[in-house]
Amino acid sequence: MFLMYRFAADKFDGLAKVRNLFERNTMGTQNTWSKTSWKNFTALQQPKWPDMAIHDEVVKDLTRLPPLVFAGEIRDLKAMLAKAVTGDAFLVQGGDCSEDFSQVTAPKIRETLKVLLQMAVVLTYAGGKPVIKVGRIAGQFAKPRSADTEMVDGVELMSYRGDMVNSPEPIEAARIPDPNRMMQGYNMAASTLNLLRAFTRGGFAALHRVAAWNQEFVKQSPMGRNYERIGKQIEQALQFMETIGIDPESPQMKQAQFFTSHEALLLGYETALTREDSINGGWYDCSAHMLWIGERTRQVDGAHVEFLRGVNNPIGVKIGPDYDLDNVKRLIDALNPENEAGRLTLITRLGMKNIEKVLPPLLREAKREGYNIVWNCDPMHANTYTAKSGHKTRNFNDILSEITCFFETHWAEGTIPGGIHLEMTGENVTECTGGARNIVDAELSNNYLTTCDPRLNAEQSLEVAFQIADMIRS
Ligand code: PEP
Ligand code: CO
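No experiment lies behind these values; they were computed from the predicted model shown.

Draft legend 1. Looking closely at the coordination of the cobalt ion (ligand 2). Cys 97 (SG), His 381 (NE2), Glu 423 (OE) and Asp 453 (OD) make up the full set of protein donors to the cobalt ion (ligand 2), lying at 2.1 to 2.4 Å. Ordering the donors of the cobalt ion (ligand 2) by residue number gives the pattern C-x283-H-x41-E-x29-D. Within this pair, whereas His 381 is found in the loop between β11 (374-377) and β12 (384-386), its partner Glu 423 is found in strand β14 (residues 417-423), the two being separated by 42 residues in sequence. His 381 sits in the buried class, given a relative accessible area of 18%.

This is how it looks when you write it as structure tokens:
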């Protein structure tokens with residue numbers, strides 16, 4: 001009886017898959033969405049969980065747990081991003097390539113928040129418009145990989161796919177995907193968010209503390225001194241405002257709005273945190289305020305696009321240098337059929353060698369179509385190389401070249417450069433070469449801590465902010 005049922009269910013699943021694909025292909029995205037309709041599509045980059053029954057049990061448990069963020073906050077972020085479409089706000093999105101469970105500590109979270117707040121201050125001051133602060137934080141625990149396995153000392157191991165899947169140690173047992181890690185990831189995200197909320201609402205992010213965000217190790221550097229100068233000017237402005245009677249205790253002065261984001265990669269986890277809003281109706285993925293689809297999983301007929309088209313969060317899509325223009329247009333139509341401003345952010349990661357050639361056609365076509373898009377520059381992912389020492393790294397000048405070209409191309413095309421997407425940390429790491437202290441290849445091993453891609457350290461991140469500030473001021 002059970003077998004017969006299974007057989008019938010499989011057959012039904014198969015038929016549903018064919019029907020859905022047919023509908024997606026013939027009627028665009030008119031087919032019915034549900035939070036599990038992605039199961040009828042091919043999902044790339046999913047771990048090979050050894051026991052799906054345990055996976056499903058964890059997903060069921062997660063479904064019962066409280067959401068991490070609320071629909072109202074997600075709507076606020078979308079409204080702010082709508083301003084970045086028209087150039088009335090600027091997005092700063094940044095954090096680890098891959099968050100590390102062992103680094104979910106108060107100092108680590110505080111230092112990352114500090115640099116993002118510093119960058120926001122520098123850019124607000126230069127640009128004269130609000131800066132939207134979005135962390136790659138509180139959920140960036142799952143990674144797509146170019147290969148399923150890697151060779152370590154002659155042994156073939158399953159690739160590390162982020163702490164929510166397996167462990168980075170190069171031993172066989174550590175690399176076996178464990179679905180219980182999704183539950184651990186939820187708990188890590190919850191405690192990270194709890195601290196972020198405390199820091200941003202409880203006075204730490206108050207504008208009159210702007211000088212205190214300068215890290216000790218940055219203070220003495222040219223970046224640190226530039227920052228102190230801005231801090232002093234802001235303090236003077238605040239004193240003036242107090243003198244004329246503006247309330248220093250108002251939320252604008254005492255609190256910062258900070259949002260979370262991660263790549264929506266593990267569809268079981270994302271589904272479990274997708275909830276229907278009790279106030280306005282509609283589905284929201286409450287694992288983070290903003291979710292993005294990576295370069296490797298953005299197939300128009302793939303499961304990730306199917307899942308994200310139905311949730312109301314702001315969505316990002318990574319666009320690499322080999323994009324196909326028609327394909328990008330189909331993606332835009334699938335994910336933002338109403339052309340709602342703030343819904344869609346295209347995160348271009350083209351590489352300093354390609355950007356000049358491949359960004360203009362994309363901008364021209366999007367402008368011609370009248371698409372409402374937040375254009376966000378990821379200058380990290382197409383500028384990675386392996387140093388002689390074997391470290392995966394990125395050079396500060398390459399990163400800066402891609403950013404500069406991003407701004408100049410937008411200005412030349414009459415489109416709006418809306419934001420920046422960085423892999424960065426508040427720590428004093430040596431993972432990217434160059435910058436004001438000119439980290440050289442031989443110094444990479446001094447403090448190379450990332451489990452995935454190389455990040456800008458606090459000083460290099462601040463330097464990026466100052467360089468952008470110079471560009472937007474002139
Ligand atoms: C990432 O942002 O960490 C990432 C894997 O990027 P992409 O999908 O652009 O390669
Ligand atoms: Co990365």
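Draft legend 2. Main features of the pairing of strand β4 (residues 155-158). Direction of pairing for strand β3 (residues 149-152) relative to β4: antiparallel, over a ladder of four bridges. If you follow Met 151 over to β4, its bridge partner there is Glu 156. Counted between consecutive antiparallel strands, the loop separating β3 from β4 contains two residues, among which Asp 153 sits at a positive phi close to 50°.

Draft legend 3. Local environment of the pattern of salt bridges. The final tally for this structure, using the stated rule, is 27 salt bridges. Note that Arg 455 is salt-bridged to Asp 96, the shortest N-O span being 2.8 Å. Residue Arg 455 is located in the loop between β14 and α14 (458-473), and its partner Asp 96 is located in the loop between β1 (90-95) and α4 (106-127); the two are separated by 359 residues in the primary sequence. For the pair Arg 455 and Asp 96, a shared accessibility class is recorded, and that class is buried. Among the ionic pairs, Arg 437 bridges to Glu 459, the shortest N-O distance being 2.5 Å. With Arg 437 in the loop between β14 and α14 and Glu 459 in helix α14, this pair connects stretches of sequence that are 22 residues apart. Connected via shared salt-bridge partners are Arg 136, Lys 392, Arg 394, Glu 423 and Asp 453.

Draft legend 4. How the structure looks around the confidence of the model for the protein chain. Counting all residues, the mean pLDDT for the protein chain is 92, and 93% of those residues have values of 70 or more. Every residue in residues 1-29 scores below 50 in pLDDT, and together they form 21 contacts with partners more than four places removed in sequence or on other chains.

What counts and how
What you see as residue numbers is a count from 1 along each chain, following the sequence as written. Chain A is the first chain written and ligand 1 is the first ligand written, with later ones labelled in order. Local features in a predicted model are, by the rule used here, given only for residues with pLDDT of at least 70; side-chain atom pairs are given and counted only at 80 or more, and totals for whole chains, interfaces and linings are based on all residues. For the side-chain quantities, the full set of heavy atoms in the structure was used; hydrogens and water were omitted. Each metal's donors are the N, O and S atoms within 2.8 Å of it, or within 3.2 Å when it is Na, K or Ca, and because water is not part of the set, sites may look incomplete. What counts as a helix is a DSSP run of H or I of at least four residues, what counts as a strand is a run of E of at least two, and both are numbered from the N terminus. Under the scheme applied here, a residue whose accessible area is under 20% of the maximum for its type counts as buried, over 50% as exposed, and between as partly exposed, the area being computed with a 1.4 Å probe on protein chains only. For two strands to be treated as a pair, DSSP must find no fewer than two bridges joining them. Every case where a carboxyl oxygen of Asp or Glu lies within 4 Å of a side-chain nitrogen of Lys or Arg is listed as a salt bridge. pLDDT expresses, on a scale from 0 to 100, how confident the predictor is about each individual residue. Contacts are residue-level and defined by heavy atoms, with any inter-residue pair within 4.5 Å sufficient.

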